[in-house]
Amino acid sequence: MIRANPEDWYQIEKLGDDVTHISEPFIKEFYRCNIWHIRGSKRDMLVDSGMGVVSLRAWVPLVTEKPCLAVASHTHFDHIGCHHEFDQRLVHPAEADILAHPTSATTLAEDYVKDDIFTRLPPAPYLSTEYSVRKAAATRLIDDGDVIDLGNRQLEIIHTPGHSPGGIACWEAATQTLFSGDLVYDGPLIEEGYNTDARDYYDSMKRLLDLPVRIVHGGHFPSYSGARHQQIIRAWLDSSGDPGHLLRRFRDDGLFF
């Protein structure tokens, strides 16, 4: 398989409200984490940091322009790969140990990291068989109700266990913007597997349903409207009497190994 050049690894798209979408286009869509950069007057914030196979700080100058808080929506490999590059790292207490001492099992890398998640391999000397997430101990623990202050904007932390024990969403009430992590996005959701919990998933989905959302920036797949947010969650809740229904369906469609 062809290898990508490091300067081509990241793709940047500026959205409204000083939010920038950073992605890794040579990772197939299902496995490709959305990296969200939120600009503040005193400091910036990064929700997730990608797979870590190419340096984010070296190739995306945007994340170096001012102090930047690297927030982990959760600690799966595709979301925390570049956290070690940032001086300030934030995570929920339930997953602080994983961020500090990641393993292939606890980050799910051993289940998913294979050459065929890429359309082009990362630059040499990357090898999927040797991939690992680097240690990045938290400098701040964040829990439900905590507020991240960027100066001119504040984002509230909502603990959303279900996909993982320390999953969080970030809610900016002033712009009605939700950064939802991997609990909910407009694509196949992971409801079963390592560290998932069906009851927590149900409760977290119901909680996010009640937010007056205008736009959602999820952990994967494109952003979507508040109306679509309501539609996704209501459909999920309607079918939640069969735990794992979406996972089995998408596995049958060949989206999982």
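Throughout what follows, the structure given in this document is the object of discussion. (Residues numbered from 1 in each chain as written. Predicted model: local features only at pLDDT ≥ 70, side-chain atom pairs only at ≥ 80, totals over all residues. Heavy atoms only, no water.)

For the protein, the helix and strand inventory stands at seven helices and 13 strands. Radius of gyration (C-alpha) of the protein: 17 Å, near the 18 Å computed for a compact globule of 257 residues. Taking all 257 residues of the protein together, 54% fall into the buried category. Counting only contacts in the protein whose residues sit at least 6 apart along the sequence, the fraction spanning at least 24 positions is 64%. Accessible surface, the protein: about 10900 Å² in total, of which carbon and sulfur atoms supply 47%. (Helix = DSSP H or I, 4+ residues; strand = E, 2+ residues; numbered from the N terminus. Rg over C-alpha atoms; globule rule 2.2 N^0.38 Å. Buried < 20%, exposed > 50% of the residue type's maximum accessible area, 1.4 Å probe, protein only. Contact = heavy atoms within 4.5 Å. Areas by Shrake-Rupley, 256 points an atom, 1.4 Å probe, with all protein chains shown as cover.)

The next point concerns the sheet that holds strand β4 (residues 44–47). In a beta sheet, neighbouring strands pair by backbone hydrogen bonds and run either parallel or antiparallel. Pairing in this open sheet of seven strands is mixed, and the strands run β1-β2-β3-β4-β5-β6-β7 from one edge to the other. The sheet is open, and its two borders are formed by β1 (11–14) and β7 (140–141), each paired with just one other strand. In terms of strand pairing, strand β5 (residues 68–71) meets strand β6 (residues 88–91) through three bridges, oriented parallel. Within β6, the residue paired with A70 across the bridge is R89. (Pairing = 2+ DSSP bridges.)

The next subject is the environment of H163. One can find H163 in the loop between β9 (154–159) and β10 (168–172). Take H163: its relative accessible area is 5%, and that puts it in the buried class. Taking the C-alpha atoms as reference points, H163 and I27, 136 residues apart in sequence, are found 21 Å from one another. When near neighbours in sequence (up to four residues on either side) are disregarded, H163 contacts H74, H76, D182, L183, I190, Y194, N195, T196 and Y201. A distance of 3.2 Å separates the side chain of H163 from the side chain of H76, its partner in a polar contact. Within the structure, the side chain of H163 is placed 3.5 Å from the side chain of D182, a separation counted as a polar contact. (Polar contact = N/O pair within 3.5 Å; in protein donor to acceptor, adjacent residues only side chain to side chain.)

With that out of the way, let us pick up the pairing of β5. Side-chain alternation along β5 places C68 and A70 on one buried face and L69 and V71 on a second face that is also buried. Pairing between β4 and β5: four bridges, direction parallel. Its bridge partner being in β5, V47 is matched across the sheet by V71.

We now examine the side chain of S164. With respect to the helices and strands, S164 occurs in the loop between β9 and β10. Residue classification places S164 among the buried positions, given a relative accessible area of 2%. Ignoring anything within four residues of it in the chain, the contact list for S164 reads H74, H76, E95 and N195.

In total, this model carries 11 aromatic pairs according to the counting rule given. Residues Y31 and Y112 carry aromatic rings whose centres are separated by 6.2 Å and whose planes lie at 55° to one another, so their mutual orientation is tilted. Here Y31 is found in the loop between β2 (19–23) and β3 (35–38), whereas its partner Y112 is found in helix α4 (residues 109–112), with 81 residues between them in sequence. Here Y112 falls in the buried class, since its relative accessible area comes to 17%. These aromatic residues form a ring-pair network of at least three members: W9, F26, F77, F118, Y126 and Y131. Just above the ring of F86 sits the side chain of R57; from NZ or CZ to the centre is 5.4 Å. (Phe/Tyr/Trp six-rings, centres within 6.5 Å; stacked < 30°, edge-to-face > 60°. Lys NZ or Arg CZ within 6 Å of the ring centre and 35° of its normal.)

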